[in-house]
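Take a look at the letters that make up each chain.
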Amino acid sequence: MKIALLRRYVVLAETLHFPRAAAQLGIPLASLYTSLDKLEAEVGHTLVNREGTPRLTNVGTLFLAEAQAAVAAAPPPAPKTVAPAGGKAKASKGKGRAPIVKGQPKPYKKRQGR
């Protein structure tokens, strides 16, 4: 069982409000629903009764204690690192081309007269 699914379930069980739990976790609401569906499939029972106001089922209440213990024992999630923004993309010049020195004429080219 993935620890991320358990974290999401614990936050949902504590708030019992899907939009608030998704906002607290910083994930889309659809992702929270999908996570709960995956967790319920792994457990084999319905954990949250979604009719009307959400509330935990009897199995969900029992599973909450186990999930909280597993989340507390797990290491904290690693912070997401964002790569620094790069500059302009540089075009590849390919192999075999000599670098052009600015200000010097190419030896095989004649100057165009006016």
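The structure we're discussing is the one just above.
Residues numbered from 1 in each chain as written. Predicted model: local features only at pLDDT ≥ 70, side-chain atom pairs only at ≥ 80, totals over all residues. Heavy atoms only, no water.

Draft legend 1. Quick look at the packing of helix H2 (residues 18–25) against helix H3 (residues 29–43). Packing of H2 against H3 leaves a shortest axis separation of 9 Å and a crossing angle of 100°. Between H2 and H3, the crossing angle belongs to the class labelled roughly perpendicular. Every residue of H3 that contacts H2 at Phe-18, Pro-19, Ala-21, Ala-22 and Leu-25 is listed here: Leu-29, Leu-32, Tyr-33 and Leu-36. Of the residues that constitute the contact of H2 with H3, the class distribution is nine nonpolar, no polar and no charged. (Axes fitted to C-alpha atoms, helices over the stretch in contact; angles between N-to-C directions. Helix = DSSP H or I, 4+ residues; strand = E, 2+ residues; numbered from the N terminus. Parallel < 35°, antiparallel > 145°, perpendicular 65-115°, else oblique. Contact = heavy atoms within 4.5 Å. Nonpolar A, V, L, I, M, F, W, Y, C, P; charged D, E, K, R; others polar.)

Draft legend 2. Quick look at empty space enclosed by the protein. Under the definition given, this model contains one cavity of 30 Å³ or more. Taken as a whole, the largest cavity encloses approximately 40 Å³ of empty space. Looking at the lining of the largest cavity, the elements that each hand over two or more residues are helix H1 (3–15) and H3. For the lining of the largest cavity, a count of residues per class yields six nonpolar, one polar and one charged. (1 Å grid on protein atoms, 1.4 Å probe; cavity = no way out; pocket = protein on both sides within 12 Å on 5 of 7 lines; lining within 4 Å. Points joined across faces, edges and corners; volume = space filled by probe spheres on them.)

Draft legend 3. Spatial organisation of helix H4 (residues 58–73). Here H4 contains 16 residues, and its C-alpha end-to-end distance of 24 Å stays within 8% of the 22 Å for a straight helix at 1.5 Å per residue. Along H4, the sharpest kink reaches roughly 25°, centred on Leu-64. Those residues of H4 not exposed but buried are Gly-60, Phe-63, Leu-64 and Ala-67. Of the surrounding elements, those touching the buried residues of H4 are H1, H3 and strand E2 (55–56). (Expected span 1.5 Å × (residues − 1). Bend = angle between axes of the 7 residues up to and from the residue. Buried < 20%, exposed > 50% of the residue type's maximum accessible area, 1.4 Å probe, protein only.)

Draft legend 4. Inspection of the packing of aromatic side chains at higher detail. Summed over the entire model, instances satisfying the criterion amount to two aromatic pairs. Seen in terms of ring centroids, Tyr-9 and Phe-63 are 5.6 Å apart; in terms of plane orientation they differ by 55°. Their pairing is tilted. One end of the pair, Tyr-9, is in helix H1; the other, Phe-63, is in helix H4, and 54 residues separate them in sequence. Relative to Tyr-33, the ring of Phe-18 lies with its centre 4.6 Å away and its plane at 25°, an arrangement referred to as stacked. (Phe/Tyr/Trp six-rings, centres within 6.5 Å; stacked < 30°, edge-to-face > 60°.)

Draft legend 5. Seen up close, the layout of surface pockets. Size it by volume and the largest pocket reaches roughly 240 Å³. For the largest pocket, the full set of lining residues is Ala-4, Arg-7, Arg-8, Leu-25, Gly-26, Ile-27, Pro-77, Ala-78 and Lys-80. Taken together, the residues that form the lining of the largest pocket break down as five nonpolar, one polar and three charged.

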